[in-house]
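The chain contents come next:
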Amino acid sequence: MDAASVDFLREVLESTGLVERTRELGLALRATRSPGGLLVVGTPCDEPWHLTAHLSDEARLSGLPQLTPTLVRWAPPEDAPAHLRVGLSRIEEARRGETLFVVAEDKAPDPLLERLDDARRTGTTILALDGGDPELAGLAHDSLVLRSDGPLSFDGAQHLVSAAAGEPPGRAGLRGRLARLLDLVSGPRIAD
């Protein structure tokens, strides 16, 4: 999804409160202190490749190396490249200053919940984008719950969160950009 599509989606959803929530979650991802300290994990059947790729792009484009994600996989092949070989044991190594972002449209499995609980005890920030898992919500410091019958798809929310993570705080979206463009075209304001 390109920037124009993200802006359009934000305009359509502005009155729902979802735009603000995706921005809050995106900004929370920025609190990670170091590159690779943003751990992104899904479920065994649905690894968040797409979101990880978008966060990687946002890290590069925004100049925020702390957004560089580490995809944590359930069963990484031993012959995979190093960045695709990170397994669940990485969650056990998570510490204060790192963020564990759980992306799970379905219920998080018990082995993941146990690791999240341990990581939270070590000071790791737990964030979640999920479909309404009460156990995951109980462990997360912040979460965005998307119901299947809501106005925003799970995929659409991933786009909004990743885009918000790479934006400077306070960006006003399409209206703000149009206002800046009008100021540029009309010239500087001169006091009488």
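Within each chain, residue numbers correspond to sequence positions counted from 1 in written order. At least 70 in pLDDT is required for a residue's local features to be given in this predicted model, at least 80 for side-chain atom pairs to be given and counted, and no such filter applies to totals for whole chains, interfaces and linings, which use all residues. The basis for every side-chain value is the complete set of non-hydrogen atoms in the structure, without hydrogens or water.

Topic: the overall build of the protein chain
Counting secondary structure elements, the protein chain contains 8 helices and 5 strands. Secondary structure elements of the protein chain, listed N to C terminal, follow the sequence α-α-β-α-β-α-β-α-β-α-β-α-α. The burial tally for the protein chain puts 45% of its 192 residues in the buried class. When contacts within the protein chain are restricted to residue pairs at least 6 apart in sequence, long-range pairs at least 24 apart make up 68% of them. Strands here are runs of E lasting at least two residues and helices are runs of H or I lasting at least four, both read from the DSSP assignment and numbered beginning at the N terminus. Residue exposure (1.4 Å probe, protein chains only): buried if accessible area is under 20% of the type maximum, exposed if over 50%, otherwise partly exposed. Between two residues, a contact is recorded if the distance between any of their heavy atoms is within 4.5 Å.

Observations concerning helix α5 (residues 110–121)
It helps to recall that an α-helix has 3.6 residues per turn; residues three or four apart then point in one direction. Relative to the 16 Å expected for 12 residues at 1.5 Å per residue, α5 spans 17 Å between its end C-alpha atoms, a close match to the ideal helical length. Where the residues of α5 are buried, they touch β1 (38–41), α4 (89–92), β3 (99–104), β4 (125–130) and α6 (134–139). One or two residues past the end of α5 sits Gly123, with phi positive at roughly 100°. Helix span, as expected, comes to 1.5 Å for every residue beyond the first.

Some thoughts on the environment of Arg90
As for its placement among the helices and strands, Arg90 is situated in helix α4. Overall, the relative accessible area of 17% leaves Arg90 in the buried class. Along the sequence, Arg90 and Arg115 sit 25 residues apart, while their C-alpha atoms lie 9.9 Å from each other. Not counting the four nearest positions on each side in its chain, Arg90 is found in contact with Gly36, Gly37, Leu39, Val72 and Glu98.

Observations regarding the nonpolar core
In this text, buried Ala, Val, Leu, Ile, Met, Phe, Trp, Tyr and Cys residues form a nonpolar core when linked through side-chain atoms within 4.5 Å. Among the nonpolar cores identified, the biggest contains 24 residues, and Leu29, Leu55, Phe101, Leu129 and Leu146 are the most heavily contacted of them. When contributions to this core are tallied by element, the ones reaching two or more residues are α2 (18–29), β1, α3 (49–62), β3, β4 and α7 (154–166). Looking at this core element by element, the count peaks at 6 residues for α7. Non-local contacts of Leu146, meaning those with residues more than four positions away in its chain, are made with Leu18, Leu129, Asp130, Gly131, Leu152, Ser153, Phe154 and Ala157.

Overview of the packing of α2 against α7
Note on definitions: angles span 0 to 180 degrees between N-to-C directions of axes, and those axes are lines fitted to C-alpha atoms, for helices only across the stretch in contact. Running from N to C, α2 and α7 point in directions that differ by 50°, and their axes come no closer than 7 Å. Between α2 and α7, the angle falls in the class oblique. In terms of crossing hand, the pair formed by α2 and α7 is right-handed. Of α7, the residues touching α2 (which contributes Thr22, Arg23, Leu25, Gly26 and Leu29) are Ala157, Leu160, Val161, Ala164 and Ala165. Polar here means any residue outside two lists: the nonpolar Ala, Val, Leu, Ile, Met, Phe, Trp, Tyr, Cys and Pro, and the charged Asp, Glu, Lys and Arg; Gly therefore counts as polar. Of the residues contributing to the contact of α2 with α7, the split by class is 7 nonpolar, 2 polar and 1 charged. Orientation labels follow simple angle bins: below 35 degrees gives roughly parallel, above 145 gives roughly antiparallel, 65 to 115 gives roughly perpendicular, and whatever is left gives oblique. Rotating anticlockwise by less than a right angle from the far helix to the near helix defines a left-handed crossing, while the corresponding clockwise rotation defines a right-handed one.

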